[in-house]
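# Coordinate inspection notes
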Amino acid sequence: MRAVLMAGGSGTRLRPLTCDLPKPMVPILNRPIAEHIINLLKRNNIKEVIATLHYLPDVMRDYFQDGSNFGIEMTYSVEEDQPLGTAGCVKNIQQWLDDTFLVISGDGITDFDLQAAIEFHRQKQSKATIVLTRVPNPVEFGVVITDEQGHIRRFLEKPSTSEIFSDTVNTGTYILEPEVLDYLPEKEESDFSKDLFPLLLEKGEPIYGYIAEGYWCDVGHLEAYREAQYDALERKVKINFAYQEKSPGLWLGANTYIDSTVKIETPVLIGSNCRIGPRVNIEAGTVIGNNVTIGSDADLKRPIIWNGVTIGEEAHLRACTIARGTRIDRRAQILEGAVVGPLCYVGEESQIAPGVRVWPNKRIESGAILNINLIWGNTAQRNLFGQRGVSGLANIDITPEFAVKLGASYGSTLKLGSSVLVSRDQRSVSRMVTRSLVAGLMSAGIDVQNLEATAIPISRTMTTTLGVVGGIHVRLEPDRPDHILIEFFDKHGINISKSREKKIEGAYFKEDLRRVPIEEIGNVTYPHQVIETYNLSFEKHLNIEAIRHSGAKIVIDYGYAVSGAVLPLLLTKFSCDAVVLNASLKQTALSATEKETLLYQLGRVVESLKANLGVQVSANGEQFILVDESGLPIRGETLTALMVNTILTAYPRGKVVVPVHASSAVEQIAHRHDGQVIRTKANPTALMEASQANDHVVLGGSGDMGFIFPQLHPGFDAMFGIAKLLEMLTIQERSLAQIRSELPRVCHKSYSIRCPWKFKGALMRHLVETHPAENLELIDGVKIINPRNDNWVLILPDAGDPLVHIFANSEDRDWVDESLAEYRQKVQDFIEQEQDLMRDSL
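Residues numbered from 1 in each chain as written. Predicted model: local features only at pLDDT ≥ 70, side-chain atom pairs only at ≥ 80, totals over all residues. Heavy atoms only, no water.

### Comments concerning the overall build of the protein chain
Along the backbone of the protein chain there are 21 helices and 56 strands. Its C-alpha atoms give the protein chain principal-axis dimensions of about 115 × 65 × 50 Å. Counting only residues that meet the buried cut, the protein chain has 58% of its 842 residues in that class. A total of about 34600 Å² of accessible surface is found on the protein chain, and carbon and sulfur atoms cover 47% of it. Counting 86 positive and 106 negative side-chain charges, the protein chain places the averaged centre of each group 3 Å from the other. (Helix = DSSP H or I, 4+ residues; strand = E, 2+ residues; numbered from the N terminus. Buried < 20%, exposed > 50% of the residue type's maximum accessible area, 1.4 Å probe, protein only. Areas by Shrake-Rupley, 256 points an atom, 1.4 Å probe, with all protein chains shown as cover. Lys, Arg positive; Asp, Glu negative; His and termini not counted. Charge placed at Lys NZ, Arg CZ, Asp CG, Glu CD.)

Dropping the structure here:
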């Protein structure tokens, strides 16, 4: 007897598992459903199979080929143009069906005695026999009523609750005589239950129902998919396992390593070539595919894990389904009923809520909590905004599609008809992202003033000049050359507030986007004389004559960035003897190693030319590193102290604004000049806001972030900083080396340690509770101050990564080293204690 395997279904209710697999090829206990069906047919002595295919037909053909490896003869019929329905696809192969044949659905797991059903069919001399079974809830299936002889009297396909008249349902398995196909039209869609069987009843043809004994599960939705796996492990259905049963309830593939400390509660199935690390807990019902790697201390409670999955340390999986090739990082949690499609990335300490579905090739950021299905886009993020703005991998996280939606989200929070400034660096990827942002803004009815490629200090200056309500600047991220950074600023040129960020995020995630009619779509204009406008502001706050008569020789490395197109014009105008390095524009960003190489070369050029100083400009005109006349670099805390000393010498009794973690050398310098130090949170927005909000601020920022000159504009500006430094050195008649020699001798070190997102708040509370209140400063993080000598330690949570930074500051180097070691141990002990508590609670 021949069997027709109906395998054309796309399995939409099993998405995302069937995005790249036809439903019959979805694995049950590491074998496709179709293979279990073929094994059932073989057990019933049926070895000629015709598979009808439509959705992704090559997947099944490539797997089974001619069937010889599976002990059958396999042929295929592909519905090329359109699906023909359950009956139409069989009608399509009528020429191959010249005797009694069996039709079986490709999406069920069963162990029915098919030979008994065939014998029943022959005894009744039936034209069509439907294999039936009884189920508790028949709403999802075709309901059938038979008389005592098995003759079908009535049936209804997938009734509503009020229409149920039986618990006997159609299992999608039929035994048919070839002549019944004559009732069906050629090459038209038709269905057995809706078309053929009612017609046979109407014509008085003998049609019977055989109520089968045994297990049957229609794998029609995700919950049924998991239940079929659990039932098979518990031997509720007779199937052929892919691996040997090494011990009762443990089926294990070849070449699999399981650490001796792993706890396994059977029944469990583990595939071939797997690696399972120390102290992993595997509960009954877990199914693990081939080539799976599981990190130490992972906790698996009945997940279904497909081939090629990598699971990180301390990950927690709860009755979820993880499709092939997905990577799950350490401490991630995937909860009951969640489904992660193929080739996804689930970041460290992220969480996927119960029942959430993630479509293929998606990326879930570290620490993200995903409560809704992730279908469109590429990434699920904790937040859009990080420390400085919106950042992500260029053309992977930050795509044109993402940028259009982000622009529309920002525009939707603004008043209709508002005007926004947009600018970027010189790179093609930044141009691409900027154009997408502009499209999104226009769609929300926002006009755009497009400065195109320019340095970010110029953009901040033009924000106030053009009278726009805000601005956007797009550039490669300074320390990550493969990342794009999108910064938003307000009408004053200051990075937008957290409350404004939350409004944009709300519009983005809720898709609360304003779509205006054609006549209200925004316009784009291109302002003229941008650099000239910046020059006027630039000159107004400098002693130009002092610079012109300085006789200084300066070497400037522009690092192939857009600031190189601006600074030469300014320096030429001031009659500076400037030697320019690497001023041409380059599409790719410099790596950290390349920057260090250029910095070394800059030092050698300064030394050989006997120049007064050298400067390496970076971050699209926001940051710089100095090189003194000996070729030695000045950066970080030393650069902060040098700039504070130089500016306060010129403006005594002024105020300087620095981040909370800056060295205490700043206070010592301010004390010398009767100045005042204002410390802020360790983020750019806080520095900008404090520099503008306080009177008599002469300098803001730090060597790592850049320097703010509030009288010019509210942002960081390396170009103005260089010119101002030349002015100060000329007036004060000092060299960089002389100023550096006068700086206080303070030791300032830091250390970073991994800390899970969920423990950061508890860690800060613990530190506050275990230290006297009078010794604490809580500007940002927890700073513990020694009241006797002003030594301090700062524990600062990272805003973007699962890290905590520990800073120690003192004039005593030994105290700094000891304190760093002490608090590193304290933080580590606390994290381990919290992890133990969490494991115990689970």
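### Focus: the state of the cysteines
Going through the model one piece at a time under the given rule, you end up with zero disulfides. In this model C217 remains outside any disulfide bridge; the closest cysteine sulfur is found in C320, 19 Å from its own. (Disulfide = S-S within 2.5 Å.)

### A word on the confidence of the model for the protein chain
The predicted model of the protein chain averages 91 in pLDDT, with 95% of residues at 70 or higher. In this model residues 159–164 is a low-confidence stretch, pLDDT under 50, and it forms nine contacts with partners more than four residues away in sequence or in other chains. (pLDDT = per-residue confidence, 0-100. Contact = heavy atoms within 4.5 Å.)

### Quick look at the pairing of strand β39 (residues 447–453)
When strand β38 (residues 419–424) meets β39, the two strands line up parallel, connected through six bridges. Along β39, the bridge assignment pairs S423 with E452. Following the backbone out of β38, through helix α8 (residues 428–443) and into the adjacent parallel β39, one traces a crossover that is right-handed. Here β39 pairs with strand β42 (residues 524–525) via two bridges, running parallel. When the sheet's bridge partners are listed, Q449 is paired in β42 with T525. (Pairing = 2+ DSSP bridges. Right-handed = clockwise from strand over helix to strand, strands pointing away.)

### Some points on the nonpolar core
Ranked by internal contacts, the top residues of the largest apolar core, which has 65 residues, are L5, M60, F64, M74, L102 and Y225. Among the elements that line this core, the one with the most residues is helix α6 (residues 222–233), at seven residues. Each residue touching Y225, except ones within four places of it in the same chain, is listed here: L14, L17, V26, P27, I28, V219, I304, W306 and T321. One finds I544, F574, V666 and L699 within the second-largest nonpolar core, a separate group that totals 58 residues. (Core = buried A, V, L, I, M, F, W, Y, C linked by side-chain atoms within 4.5 Å.)

### Observations regarding the sheet that holds β39
In spatial order, the strands read β37-β41-β40-β38-β39-β42; together these six strands make up an open sheet with mixed pairing. Lying at the two open borders of the sheet, with one neighbouring strand each, are β37 (390–393) and β42. Along the sheet face, α8 touches β38, β39, β40 (470–477), β41 (480–490) and β42 and points at about 155° away from the line of β40. Where helix α9 (residues 456–466) meets the sheet, its contacts fall on β38, β39, β40 and β41, and the angle it forms with β41 comes to roughly 20°. (Axes fitted to C-alpha atoms, helices over the stretch in contact; angles between N-to-C directions.)

### Description of the sheet that holds strand β46 (residues 623–627)
Strand order in the open sheet formed by five strands is β44-β43-β45-β46-β47, with mixed pairing between adjacent strands. Each of the sheet's edge strands pairs with one partner strand only, and the pair in question is β44 (577–581) and β47 (633–634). As defined by bridge partners, β46 adjoins β47 across two bridges and the pair is classed as antiparallel. When the sheet's bridge partners are listed, L626 is paired in β47 with I634. On the sheet, helix α15 (residues 636–650) packs against β46 and β47 and is oriented at approximately 85° with respect to β46. On top of the sheet, helix α18 (residues 718–732) reaches β43 (553–557), β45 (613–618) and β46; it is set at about 165° to β45, its chief contact.

### Concerning the packing of aromatic side chains
Applying the stated criterion to the full structure yields 16 aromatic pairs. Centroid distance F120 to Y210: 5.3 Å. Interplanar angle 50°. Geometry classified as tilted. Remark: Y210 occurs in strand β12 (residues 207–211) and F120 occurs in helix α4 (residues 114–123); sequence separation between them is 90 residues. Exposure class is identical for F120 and Y210. Each is buried. (Phe/Tyr/Trp six-rings, centres within 6.5 Å; stacked < 30°, edge-to-face > 60°.)

### So, the packing of helix α7 (residues 400–412) against helix α10 (residues 498–510)
Orientation of α7 relative to α10, taken along the N-to-C sense of each, is 125°, at an axis distance of 8 Å. By the criterion of interaxial angle, the relationship of α7 to α10 is oblique. Remark: the crossing between α7 and α10 carries right-handed chirality. Contacts between α7 and α10 involve F402, K405, L406, S409 and Y410 from the former and I504, A507 and Y508 from the latter. A breakdown of the residues in the contact of α7 with α10 according to their chemical character gives six nonpolar, one polar and one charged. (Parallel < 35°, antiparallel > 145°, perpendicular 65-115°, else oblique. Left-handed = near helix turned anticlockwise from the far one by under 90°. Nonpolar A, V, L, I, M, F, W, Y, C, P; charged D, E, K, R; others polar.)

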